[in-house]
Amino acid sequence: MLKTGSVDIAVVGGGMVGMATAVGLARSGFKVAVVDPVQPQAPSGEPDLRVSAINRASERWLRQLGAWDHLPAERLGPYTAMAVWDKDSIGKIGFDAADLDEPNLGHIIENRAIAHALWQAAKRHNNLTIHHTKPKAVALGERDALLNLEDDTLLSARLLVAADGANSWLRQQAQVPLTFRDYGHHALVATIRCQRPHDQVARQVFLPEGPLALLPLADPHQCSIVWSCPPARAEQLAAVDARAFGQQLTAATEARLGTLTLESERATFPLTMRYARDFVRPRLALVGDAAHTIHPLAGQGVNLGLGDSQALVNLLAQAGERDPGELRLLNRYGRARKAAAQEMLAAMDGFRWLFDGSNPVKKGVRDLGLNLVDHAMPLKKRLLSHALGLGSQSLVSWNR
Ligand SMILES: Cc1cc2nc3c(=O)[nH]c(=O)nc-3n(C[C@H](O)[C@H](O)[C@H](O)COP(=O)(O)OP(=O)(O)OC[C@H]3O[C@@H](n4cnc5c(N)ncnc54)[C@H](O)[C@@H]3O)c2cc1C
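What comes next concerns the included structure. (Residues numbered from 1 in each chain as written. Predicted model: local features only at pLDDT ≥ 70, side-chain atom pairs only at ≥ 80, totals over all residues. Heavy atoms only, no water.)

Moving on to the sheet that holds strand β3 (residues 51–54). Sheets are built from strands that pair by backbone hydrogen bonding, the pairs being arranged parallel or antiparallel. Across the sheet, three strands lie side by side as β3-β7-β4; this open sheet has antiparallel pairing. Edge positions in the sheet fall to β3 and β4 (77–79), since each has one partner strand and no second. Here the strands of the sheet are splayed against their neighbours by 25° on average, with no regard to which way each runs. Two elements, β4 and strand β7 (residues 106–110), share three bridges in a ladder whose sense is antiparallel. If you follow Gly77 over to β7, its bridge partner there is Ile108. Most of the contacts of helix α2 (residues 56–64) go to β3, to which it runs at about 95°, and overall it touches β3 and β7. (Pairing = 2+ DSSP bridges. Helix = DSSP H or I, 4+ residues; strand = E, 2+ residues; numbered from the N terminus. Axes fitted to C-alpha atoms, helices over the stretch in contact; angles between N-to-C directions. Contact = heavy atoms within 4.5 Å.)

This part is about the nonpolar core. A general feature of soluble globular proteins is that nonpolar side chains tend to end up buried together. By size, the foremost hydrophobic cluster in this structure holds 98 residues, and its most contacted members are Leu316 and Tyr333. Ranked by size, the runner-up nonpolar core spans 22 residues in total, among them Trp85, Ile192, Trp227 and Val240. (Core = buried A, V, L, I, M, F, W, Y, C linked by side-chain atoms within 4.5 Å. Buried < 20%, exposed > 50% of the residue type's maximum accessible area, 1.4 Å probe, protein only.)

Below, the discussion takes up the site of the ligand. If you check the shell around the ligand, you find 31 residues, and the closest are Asp36, Arg50, Ala53, Asp289 and Val302. Within the backbone of Met16, an N or O atom sits 3.4 Å from an oxygen atom of the ligand. Backbone polar atom of Ala53 to an oxygen atom of the ligand: 2.9 Å apart, as the coordinates give it. In the complex, the protein chains occlude 83% of the 1,000 Å² of accessible area that the ligand would expose alone. For the shell around the ligand, the elements supplying multiple residues, two or more each, are α1 (16–27), β3, β12 (178–194) and α7 (301–318). For the shell around the ligand, the per-class residue count stands at 15 nonpolar, eleven polar and five charged. (Near = heavy atom within 4 Å. Polar contact = N/O pair within 3.5 Å; in protein donor to acceptor, adjacent residues only side chain to side chain. Areas by Shrake-Rupley, 256 points an atom, 1.4 Å probe, with all protein chains shown as cover. Nonpolar A, V, L, I, M, F, W, Y, C, P; charged D, E, K, R; others polar.)

All of the buried residues in helix α6 (residues 242–252) are Phe245, Gly246, Leu249, Thr250 and Ala252. Axial view of α6: buried residues confined to an arc of 160°, hence all on one face. Tucked inside the fold, the buried residues of α6 contact β12, β13 (201–207), β14 (210–216), β15 (222–229), α5 (231–239) and β16 (260–262). Positive phi shows up at Glu254, right after α6, with a value of about 55°. (Arc of directions from axis to C-beta.)

This part is about the pairing of β7. For a regular strand, side-chain orientation follows a simple rule: the groups alternate between the two sheet faces. Judged by how many residues are buried, β7 sits mostly within the fold: five of five residues are covered. Relative to β7, β3 is paired through four bridges, and the arrangement is antiparallel. Its bridge partner lying in β7, Val51 is registered against Glu110.

Here we come to the pairing of strand β10 (residues 145–149). Side chains Ala145, Leu147 and Leu149 of β10 all project onto a buried face; the interleaved residues Leu146 and Asn148 project onto a face where none is buried. Note: strand β9 (residues 135–140) against β10, five bridges, orientation antiparallel. Residue Ala137 lies in a different strand from β10, and its bridge partner there is Asn148. Linking two consecutive strands that pair antiparallel, namely β9 and β10, is a turn of four residues.

The next thing to look at is the environment of Leu257. Secondary-structure assignment places Leu257 in the loop between α6 and β16. In this structure Leu257 comes out as buried when scored by relative accessible area, which is 4%. Separated by 60 residues in sequence, Leu257 and Pro197 place their C-alpha atoms 7.0 Å apart. Sequence-distant contacts of Leu257, defined by excluding residues within four places in its chain, comprise Cys194, Gln195, Arg196, Pro197, His198, Arg203, Leu214 and Cys223.

Right, let's talk about the environment of Gln200 for a bit. By the secondary structure assignment, Gln200 is in the loop between β12 and β13. Look at Gln200 and you get partly exposed, because its relative accessible area is 31%. Residues Gln200 and Asp219, spaced 19 residues apart in sequence, show a C-alpha to C-alpha distance of 9.6 Å. Ignoring anything within four residues of it in the chain, the contact list for Gln200 reads Pro78, Tyr79, Thr80, Ala81 and Pro216.

Next comes the structure, spelled out in structure tokens:
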């Protein structure tokens, strides 16, 4: 039998970005529905393969949403410094939280832990309901939007938020064109044990084949790795036995953390740059990976998505009685977040170009550049505060 429901805003996708948006909107007084068939489980046992480097701006937002306190403290990996270097050369740069008088530069956290914490925070709001199913049809009308769910609920809302990830069903249904480009890399992720303690330093080495990141976990001898390289190389790295993998990893990192050993499965993800041509339509807003996906080399994907959620929530909260699905209002969000995503995409392209391959001229330029920046404290501080999300303006005002 058909059930019906009516809300102010329906969010399709209750992952990290979708649930942050939903909780933020519920806190602001909107009646919200989230549609997602998957409920995140509390993390337990060995660390998950999927982790994110959560910057200070995202931490602040998660605190405001009441989610941070639901994160298990013993599973958080704070990092107080970053070390980046170019393999087989003198090029290097280091960042330290102390340079900005910050306690740390961010935390390495399992994606599942973040999503679970947000779902816990959602329980506090009785104006937020969760539908554990998928939508099967959508209609974007002039006055409202209708979502027909697989459990035969018909939901009407004044605004739909697409937060259903990189292959967003809702974005496709709304026929929002997508610009995309294969990065020519796969990311291999795994958990590893390091002989020497990581000392809460996030490390990244640029190899001729692509960047390799060692992200410090809560255990002082455990890191999560993201090894980006051409697909054939990723396939080979995923297939070799654990011993050979550990040896190749130790060699690639110049044994800076001593001998490295594999402690988990290995998983690979193809990396694609995606960018929705429109972030908003009448009665529709795109957030997170539904709007953009970027190379993980700077660990900024979900930070950018959480920035989207904060910007959208703030805009709608400030708009008072205005219709949240009105295009003129949503355009303010669309313009601001497209600019933020474009800036990030361009930065990733610049990095990728500069660090791609071992052309001696390029290598010379990047080594010189890295070392110059390493010694230019004001510039370094600016780069750092940008990476922490402290320098960017993520708020959008509707009456600007
Ligand atoms: C290897 C790798 C490493 C990364 N490392 C970092 C990092 O260090 N830092 C960082 O900031 N970012 C990182 N990222 C990027 C980050 O993982 C993503 O940006 C982030 O997961 C996007 O979150 P999201 O909530 O937008 O989408 P998702 O996490 O994909 O969530 C989408 C949600 O929508 C639901 N869903 C899907 N389809 C439907 C449907 N039809 N109906 C209803 N619900 C649906 C899913 O169940 C899910 O809950 C990395 C990415 C990769 C590939």
